[in-house]
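# Understanding the architecture of this molecule
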Amino acid sequence: MVILRHKLQLAFIVIVSIALGLLLPSFYKAANQAMGISKDVSTPKIRSSRPPLPPSSPPQTHPCTCGKGSKLLKDFIPPEQYEELQQQRAKEWKQYKERTTSVLSKPLYALPNSPLQYPIQGFTVQPLQPTLIPGLGLYAETQNNYKVVLKVSRGILNVVKKTTEATIEGEGSSTLTVESSKPHVINELLSNVSYTSAFYHINSGDLATFQFEDDEVVFPIAIKRTQMPILYKMGKDISSQVTIVTKTFLRYPQLNKLINSIRHFYTSVKIIIADDSIEPQKVSGENIEQYIMPPTQGWFAGRNLGVSQVTTKYFLWVDDDFLFTKDTKIEKFVEVMEAIPDLDLVGGSVMGTRYYFSLFYEEGDEEEGGCLYRKSDGHFHTLPGYPECILTDGVVNFFLARTDSVRKVGFDPKLQRVAHSEVFMDGMGSLMIASCSGVSIGHYSNSKTNKEYMKFRDPGEKDKEHKKRLHFSKNHLKCIKWG
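Presented here is an overview of the structure given in this document. (Residues numbered from 1 in each chain as written. Predicted model: local features only at pLDDT ≥ 70, side-chain atom pairs only at ≥ 80, totals over all residues. Heavy atoms only, no water.)

Further remarks concern the pattern of salt bridges. Summed over all chains, the structure comprises 16 salt bridges. R251 is the salt-bridge partner of D320, the closest N and O atoms lying 2.5 Å from each other. With D320 in the loop between β16 (314–317) and β17 (322–323) and R251 in the loop between β13 (242–248) and α4 (252–265), this pair connects stretches of sequence that are 69 residues apart. The buried category is assigned to D320, whose relative accessible area is 2%. With its nearest N and O atoms 2.7 Å apart, the salt bridge here joins K313 to E338. Of this pair, K313 sits in the loop between α5 (299–308) and β16 while E338 sits in helix α6 (residues 330–339), and the two are 25 residues apart along the sequence. Among the residues examined, K313 registers a relative accessible area of 22% and is labelled partly exposed. On the accessibility criterion, E338 (38% relative accessible area) is partly exposed. (Salt bridge = Lys/Arg side-chain N within 4 Å of Asp/Glu carboxyl O. Helix = DSSP H or I, 4+ residues; strand = E, 2+ residues; numbered from the N terminus. Buried < 20%, exposed > 50% of the residue type's maximum accessible area, 1.4 Å probe, protein only.)

Put into structure tokens, the structure is as follows:
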């Protein structure tokens, strides 16, 4: 009899458990709807003990490793100049980090099982302009009173539409408290909370803290001035889409051959020439613009000048000793760039050889600086939709580029005679670059007969050391390795 009684009791418990399992979700849904909570919370909130969150401070920097074959740049600094240069570099590095590091770079972590709803991405405000905070909400268990606190550090909070069914404290300050016995009133007020930044900055941010009882979350607010779009009117002909740009110095025979080869295939495309020759010669022709510079200003200064005069969406860079051939198809470059708006620059090949490289940079610590490694033939993967193209970090001196993108990076005029990788180093993280086969240009290799030109062409050790000192101070580098 005892065993039978125990079995009957167990069966009763099972039946009741099943019934409660079926009824409780409907019960909680109906109760929450009656309380004005719009979100479907079908089960009661069960909060277990939470694990500690990982630290939210940015990771500390550490010295980077200079591999075998790396050039330690401090070895190229004269000992009597090193201390002063290091101090200047440290000051510039600190200012650079202040300009480029935002409070929004701080890691944020979402608490498990939180009753708070809040925006986790995409909330951007204009500086000094009040903007409603989207997505704020409270979805908590039933209780007699509800109180939420919202805090910011770089702005003020206000409630646009108020009600007598709640207590609001802290309007016009950085801390706002809303309290009511009705959760739907809380949510109505939260949907009308506005944020206004207290400081003018064109690209900054704030971190908002949202709290209910023991639950506290943090979400980002981006403070950013809206940029005006810069659009180009492109016609159907290549002349309205692309300008050809080159820099010349004491190589007029090569330059004239280049121009003749361009005109054989493209009769009306504008050609821009930056010329810093010692005794400039007039280069004439239809749709040719020659800009005379002070003598020997250098390679990158000339590139800056040439690109500054472009009025088309794209420019094609060529050296003054290149030659257009039947495989120099600018239209193919334009097709790729128009199809992939993320691309900023696409390179081809010279004499059938496609030169490209990838860059790997470690920031390193504040005192010694970072480490840079350039890998020849390094790339990432093929360009989607264009298997003949690969994504990489740097290409040969034959490329089509978005004019606005390259202007933002620029060419450092301190590099006068030998420079190539440097524009891609400065553009790393800003320029999306591809290298494509199938578009090629020729090369007129007869420069060595020009003795005057060759005198300037070979930089010597002094110029090479100058470049390494520039990388040390300007790029905050500890070492460089070319591979």
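Per the stated rule, a full pass over the model turns up 3 disulfides. Shown here is the disulfide that connects C64 with C371, its sulfur atoms set 2.0 Å apart. Its S-S torsion of approximately 85 degrees makes the covalent link between C64 and C371 right-handed. Taken together, the positions of C64 in the loop between α1 (2–34) and β1 (71–72) and C371 in strand β20 (residues 369–376) put the pair 307 residues apart, joining distant regions of the chain. Just as C64 is buried, C371 falls in that class too. Disulfide partner of C389: C436, at an S-S distance of 2.0 Å. Disulfide C389-C436: the torsion about the S-S bond is 110 degrees, which places it as right-handed. Of this pair, C389 sits in strand β22 (residues 386–392) while C436 is found in strand β25 (residues 433–443), placing the two residues 47 residues apart along the sequence. Overall, the relative accessible area of 0% leaves C389 in the buried class. What makes C436 buried here is its relative accessible area of 3%. (Disulfide = S-S within 2.5 Å.)

Looking now at the side chain of D365. Mapped onto the secondary structure, D365 falls in strand β19 (residues 356–365). Although D365 lies buried, it forms no salt bridge, and the closest oppositely charged side chain, R89, sits 6.8 Å away as judged by the N-O distance. (Lys, Arg positive; Asp, Glu negative; His and termini not counted.)

With respect to topology, 5 strands assemble into an open sheet ordered β1-β26-β20-β19-β23, the strand pairing being mixed. Both outer strands of the open sheet, β1 and β23 (394–395), are each paired with one neighbouring strand and no more. Inspection of the sheet shows β19 paired to β23 by 2 bridges, in the antiparallel sense. When the bridges of β23 are listed, F357 appears paired with G394. (Pairing = 2+ DSSP bridges.)

Here the focus is unusual backbone geometry. Phi at L250 is positive, roughly 60 degrees, even though this residue is not glycine. At N287, a position not held by glycine, the phi torsion is positive, near 60 degrees.

With respect to the helices and strands, the residue H476 is situated in the loop between α10 (460–474) and β26 (477–482). Using a relative accessible area of 3% as the deciding quantity, one classes H476 as buried. Within the structure, H476 has its side chain in polar contact with the backbone oxygen of E366 (distance 3.0 Å). Beyond its immediate stretch of four places on either side in the chain, H476 contacts R89, W93, D365, E366, G369, G370 and H471. (Polar contact = N/O pair within 3.5 Å; in protein donor to acceptor, adjacent residues only side chain to side chain. Contact = heavy atoms within 4.5 Å.)

Looking at chain direction, β19 and β20 are connected through 7 bridges and run antiparallel. Paired with L359 across the bridge in β20 is R374. Between β19 and the antiparallel strand that follows it, β20, lie 3 residues.

A two-sided burial pattern is seen for strand β24 (residues 399–402), the buried positions comprising F399 and A401 on one face and L400 and R402 on the other. Direction of pairing for β16 relative to β24: antiparallel, over a ladder of 4 bridges. Its bridge partner being in β24, W317 is matched across the sheet by F399. Where strand β18 (residues 345–350) meets β24, 3 bridges bridge the pair, whose relative direction is antiparallel. Residue pairing for β24: V346 is matched across the bridge by L400.

Attention now goes to the sheet that holds strand β6 (residues 146–151). A sheet is described by the order of its strands in space; here 6 strands give the open sequence β3-β12-β11-β6-β9-β8, paired in mixed fashion. The open sheet has two edge strands with one neighbour each: β3 (124–125) and β8 (167–169). One ladder, built from 10 bridges, connects strand β11 (residues 203–212) with strand β12 (residues 215–224); its direction is antiparallel. Bridged to Q211 within β12 is E216.

The subject of this paragraph is the nonpolar core. Counting 39 residues, the largest nonpolar core has I244, L316, V318, F324, I330, F398 and L400 as the members making the most contacts within it. Elements with a minimum of two residues in this core: β13, α4, β14 (271–275), β16, α6, β18, β22 and β25. Not counting the four nearest positions on each side in its chain, I330 is found in contact with I238, V242, I244, Y266, L316, F324 and L400. (Core = buried A, V, L, I, M, F, W, Y, C linked by side-chain atoms within 4.5 Å.)

With that out of the way, let us pick up the packing of aromatic side chains. Enumeration according to the criterion identifies 10 aromatic pairs in this entry. Taking the centre distance of 6.1 Å and the plane angle of 80 degrees together, the rings of Y266 and F324 count as edge-to-face. One end of the pair, Y266, is in the loop between α4 and β14; the other, F324, is in the loop between β17 and α6, with 58 residues separating them in the sequence. Taking the centre distance of 6.4 Å and the plane angle of 75 degrees together, the rings of F399 and F424 count as edge-to-face. Note that F399 is positioned in strand β24 and F424 in helix α8 (residues 421–426), a separation of 25 residues in sequence. Grouping residues by exposure puts F399 and F424 together as buried. Cluster of aromatic residues (ring-pair linked, three or more members): F315, Y355, F357, F399 and F424. Over the ring of F357 we find R374; its NZ or CZ atom is 5.3 Å from the centre of that ring. Over the ring of W482 we find R374; its NZ or CZ atom is 4.3 Å from the centre of that ring. (Phe/Tyr/Trp six-rings, centres within 6.5 Å; stacked < 30°, edge-to-face > 60°. Lys NZ or Arg CZ within 6 Å of the ring centre and 35° of its normal.)

Functional significance is not addressed by these values, which are geometric in nature.
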